[in-house]
Amino acid sequence: MKIENQHQPGGGYGGQAVRFFLDEGEQLHILHPAQVIAYRGATANRVDRLMNIKGMYRKRKLVRADFTGPCELAASLPPGISLKAISLSGGSDLLYDFRHLFFYTDHITMESRILSIKNMMITRDAVKMKFSGEGEIGILTQGQVLELELHPVEPLYVEAGCVVAYPESARMELAVYGNHLASQHMRYQWKITGQGSVLVQATGGSRLQQELESGDGIVKRFLREAIPFGGVIIK
């Protein structure tokens, strides 16, 4: 299977158009079929199916679309949403949020992993998905995706809301870092150690965007940072 991402020029819709090209016999399963905006191939090569009860619960969706090659199709993504294709070969130790899954190819298998009570409270999710097999999966993200290596002893701090996937064997705890002023103003971080790597999405720019668009003077911005809870008190 071949995948092409095409950024739309100019303003307007501003999202991405993603094209899929399937050879004879290849199969692609799309979990957001309403995003398919163009198709070329035999009409019998698309079959929509009701998802099972687990799939309906995890994705909050009722239907998935199965495509069989030879065919090609295009899917649209909303502004700010990107699609990250990940190739799998054999086993994988990474755990994903099933709600981020956009597509998977044939021969990919999924297993549910129940999180610990602590991680359930932090992530507000009870189950993560572990994928294995030979093929590709497509993950929806907000912004660019980085792959960062882990170390068994030296921790990696990652903003909690930016983690897309992490190894099942990783040791994780909620933390902040830096001096008092730094830890007072930062969002909560995952403190992660272990083997393998984590996938991180670049979603932490909302505060920077607000500051760039704001007309506040330097004094007001300094007071917001220097005074405890200044961001709440000083508007």
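For every chain, the first residue of the written sequence is number 1, and numbering continues from 1 onward in sequence order. Predicted model: local features are reported for residues with pLDDT of at least 70 only, side-chain atom pairs are reported and counted for 80 or more only, and whole-chain, interface and lining totals are derived from all residues. With hydrogens and water excluded, all non-hydrogen atoms of the structure serve as input to the side-chain values.

1. What about the overall build of the protein chain?
As a reminder of what qualifies: A run of H or I in DSSP counts as a helix once it spans at least four residues, and a run of E counts as a strand once it spans at least two, with each numbered from the N terminus. We call two residues contacting when some pair of their heavy atoms lies within 4.5 Å. Surface accessibility in these figures is a Shrake-Rupley result with a 1.4 Å probe; residues are shielded only by whichever protein chains are displayed.
Helix and strand counts for the protein chain come out as six helices and 18 strands. The long-range fraction of contacts in the protein chain, counting pairs at least 24 apart against all pairs at least 6 apart in sequence, stands at 68%. As displayed, the protein chain has an accessible area near 13800 Å², and 56% of this comes from carbon and sulfur atoms.

2. Some points on the sheet that holds strand 14 (residues 156-159)
Worth spelling out the cut-off: When DSSP finds two or more bridges between two strands, those strands count as paired. For helices, the fitted axis covers only the stretch in contact; all axes are lines through C-alpha atoms, and the angles between them, taken along N-to-C directions, range from 0 to 180 degrees.
The strand order 14-17-16 describes an open sheet built from three strands, whose pairing is antiparallel. Of all the strands in the sheet, just strand 14 and strand 16 (171-175) have a single pairing partner and so form its edges. For this sheet, the mean angle separating the axes of adjacent strands, direction not counted, is 30°. Note that strand 14 and strand 17 (residues 189-193) share four bridges and pair antiparallel. Within strand 17, the residue paired with L156 across the bridge is I192.

3. Here's the deal with the packing of aromatic side chains
What counts here: For Phe, Tyr and Trp, where Trp contributes only its six-membered ring, two rings pair if their centres lie within 6.5 Å, and the inter-plane angle classes them as stacked under 30 degrees, edge-to-face over 60, or tilted in between. Comment: the charge-over-ring label is applied if NZ (Lys) or CZ (Arg) is within 6 Å of the ring centre and within 35 degrees of the ring normal.
In total, this model carries four aromatic pairs according to the counting rule given. With centroids separated by 5.3 Å and ring planes inclined at 80°, the aromatic side chains of F20 and F103 adopt a geometry described as edge-to-face. Pair noted here: F20 is in strand 2 (residues 16-22) and F103 is in strand 10 (residues 101-105), with a separation of 83 residues, a long-range link. Against the face of F21 rests K2, its NZ or CZ located 5.8 Å from the ring centre.

4. Observations regarding unusual backbone geometry
The residue after G69, namely P70, is reached through a cis peptide bond having omega 10°. Tracing the sequence through the fold places P70 in the loop between strand 6 (63-68) and strand 7 (71-77).

5. A closer look at the environment of G194
Selection criterion: Relative accessible area decides the class of each residue, using a 1.4 Å probe on protein chains only: under 20% of the type maximum gives buried, over 50% gives exposed, and in between gives partly exposed.
With respect to the helices and strands, the residue G194 is situated in the loop between strand 17 and strand 18 (197-201). With a relative accessible area of 5%, G194 lands in the buried category. Between the C-alpha atom of G194 and that of E168, which follows or precedes it by 26 residues, the distance is 9.6 Å. Look past the residues within four positions of G194 in its chain and what remains in contact with it is L150, H151, P152 and R171.

6. Description of the pattern of salt bridges
Formally: Here, a salt bridge means any Lys or Arg side-chain nitrogen found within 4 Å of an Asp or Glu carboxyl oxygen.
For the structure on display, the rule yields nine salt bridges. R49 is paired through a salt bridge with D66; the nearest N and O atoms lie 2.6 Å apart. Taken together, the positions of R49 in strand 5 (residues 46-50) and D66 in strand 6 put the pair 17 residues apart, joining distant regions of the chain. When its relative accessible area of 42% is taken as the criterion, R49 is described as partly exposed. Linking D66 and R64 is a salt bridge whose minimum nitrogen-to-oxygen distance equals 2.7 Å.

Everything listed is a geometric property; what it means functionally is a separate question.
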